[in-house]
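# Chains, contacts and geometry: an overview
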Amino acid sequence: MKAPGAKTFYACSNCGSTFAKWSGQCPDCGAWDTMHEEKAPAAGATRAAKGRARVEAPPTLSEVNADTLALLATGIAELDNVLGGGASPGSTVLVGGEPGIGKSTLMLQAAGRLAQRGYGTLYMSGEESAAQIKRRADRLGIRSDLHIGTDTEVDLILASADTIKPRALIVDSIQTTVDRQLQSPPGTVSQIRETALTISQWARAHNAVAFLIGHVTKEGFIAGPKVLEHLVDTVLQFEGDRRQWIRILRCLKNRYGSTHEVGLFEMTERGLAQIENPSAHFLSERPEDVPGSAVAVAIEGRRPLLVEVQALVGEGGGVPQRVMSGYDARRAAILIAILQNSGGLRLAGRDVYLNLVGGYTSDEPAIDLAGAMSISSAALKKPVPAGTVFIGEVGLAGEIRGVPQIAPRLNEAEKLGFRQAVIPQVNTRDLPPAGDLEVVGVRTLDHALRLL
Ligand code: TYD
Ligand code: MG
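Residues numbered from 1 in each chain as written. Chains lettered and ligands numbered in written order. Predicted model: local features only at pLDDT ≥ 70, side-chain atom pairs only at ≥ 80, totals over all residues. Heavy atoms only, no water.

## Some words on the overall build of the protein
Secondary structure assignment for the protein yields 11 helices and 21 strands. For the C-alpha atoms alone, the extent of the protein along its principal axes is close to 105 × 65 × 45 Å. Relative to its full complement of 452 residues, the protein shows a buried share of 46%. Within the protein, residue pairs in contact and separated by at least 24 positions form 66% of the contacts whose partners lie at least 6 positions apart. Carbon and sulfur atoms provide 51% of the accessible area of the protein, an area that totals close to 22,400 Å². Taken as two groups, the 47 positive and 49 negative side-chain charges of the protein have centres that lie 3 Å from each other. (Helix = DSSP H or I, 4+ residues; strand = E, 2+ residues; numbered from the N terminus. Buried < 20%, exposed > 50% of the residue type's maximum accessible area, 1.4 Å probe, protein only. Contact = heavy atoms within 4.5 Å. Areas by Shrake-Rupley, 256 points an atom, 1.4 Å probe, with all protein chains shown as cover. Lys, Arg positive; Asp, Glu negative; His and termini not counted. Charge placed at Lys NZ, Arg CZ, Asp CG, Glu CD.)

Dropping the structure here:
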């Protein structure tokens, strides 16, 4: 009997047509170099014959274990949301930020929560001793049993990981991690790249999540050379002004989710606390009815955020000071020029201080109008109307330009008890039915300034 041999045919990878003979161009679709040899199932090897060799029934849906795919959530919503609901098993997350911003604190808190939820967790620090970490953990109120290591050599780190088999491995920091086989010192590009790659391969192979902490220097280790960005699945950036308490966690890259969410935290005596109602937080100390204060509605990620813009205009003498904090200096300079030109405000030679309250930073055009109102209010010593938010971009000719996402901004203002919103005229067109918030559309800066 003839052994069951496979019959050869040729298939076009472009259109799927099959032919007995090969040709350089597919006769059906005309594509070139798309024909590949394939084998037809042999005559004797019927599906039934093969199928009977199977001994176990395939599992039912309810029997399939999908836990290995389940996201690792810390229970810290501000962190989980930024990750897209949690960290994907097998992935590597880079957590970047300036030294002292709170990366170790955030990740130790996250590690504590993961361990508490029953995930094996290993926190490997090349930056602090085990005793120092213990003291910090005590201060943060962490009582769960996570593993603490202080190795810096990548082989030792992964040897510990092989023993403990954690679902979460935190490496603090990638700059202190070394591969002995490389000649270059820790923190160099080749060391960072090699050790990160080795750790991420371990994470993928073990279905664990690797969190790599990375210091971003002024030169910008993450944003600048982008040494690690393409190597990891997710890049988080922890930001804020070290002298202030607010911290913002942004997602710069996420292979498994959106990059629109941001997490808001407050650095307290006992670690990072989530800010659940940021608008209320930013406005908590706002003085009413004093000149030089106006409320803007910014958008962070997908979240509307009410922030106070404060201005102070001094008589000056000598070189006029322009001091911005939190407010983008370039946008502020343009705003001041516009106010002098089309607003008719006398600012030349005077000092202007502009501040976004609470350590918040933004360069969003939509906060222009509030900036302009607060400077004008300070210069004219007249408070802005009470209970009013200002939304709009100010154009060079003093026109008020439309902004995106007007509806969520107005909702947030209303939720926080504001009674009036001054917004770009163009944005008044497709608004949902008005609630208790009175909406005033303005076309020009002049128009808005008349409200003072
Ligand atoms: P840290 O997490 O060490 O920063 P990073 O790892 O990014 O370099 O935290 C830095 C600062 O946070 C440190 O100066 C002290 C402060 N901090 C608090 O205010 N409260 C706390 O509970 C902790 C642990 C730190
Ligand atoms: Mg640290």
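## What to know about the packing of helix H5 (residues 154-164) against helix H6 (residues 189-206)
Close contact between H5 and H6 brings their axes to 10 Å; oriented N to C, the two are set at 15°. By the criterion of interaxial angle, the relationship of H5 to H6 is roughly parallel. Note that H5 runs across H6; the crossing there is right-handed. On H6, the residues that touch Val154, Leu158, Ala161 and Asp162 of H5 are Thr195, Thr198, Ile199, Trp202 and His206. (Axes fitted to C-alpha atoms, helices over the stretch in contact; angles between N-to-C directions. Parallel < 35°, antiparallel > 145°, perpendicular 65-115°, else oblique. Left-handed = near helix turned anticlockwise from the far one by under 90°.)

## Notes on the site of ligand 1
Around ligand 1 sit 16 residues, and of these Gly100, Ser104, Thr105, Thr268 and Gly271 come closest. Gly100 is positioned with one of its backbone polar atoms (N or O) 2.6 Å from an oxygen atom of ligand 1. For ligand 1, an oxygen atom lies 2.7 Å from a polar atom in the backbone of Gly271. When isolated, ligand 1 has an accessible area of 550 Å², and the protein chains bury 74% of it. Among the residues forming the shell around ligand 1, the class breakdown is 4 nonpolar, 6 polar and 6 charged. (Near = heavy atom within 4 Å. Polar contact = N/O pair within 3.5 Å; in protein donor to acceptor, adjacent residues only side chain to side chain. Nonpolar A, V, L, I, M, F, W, Y, C, P; charged D, E, K, R; others polar.)

## Section: the layout of surface pockets
In this model, the largest pocket occupies a volume close to 360 Å³. Considering the residues around the largest pocket, the lining is formed by 19 residues, among which Glu98, Glu239, Gly240, Asp241 and Thr361 are closest to the centre. Ranked by residues supplied to the lining of the largest pocket, first place goes to strand S9 (residues 234-239) with 3 residues. For the lining of the largest pocket, the per-class residue count stands at 5 nonpolar, 10 polar and 4 charged. (1 Å grid on protein atoms, 1.4 Å probe; cavity = no way out; pocket = protein on both sides within 12 Å on 5 of 7 lines; lining within 4 Å. Points joined across faces, edges and corners; volume = space filled by probe spheres on them.)

Purely geometric numbers; function is a separate question.
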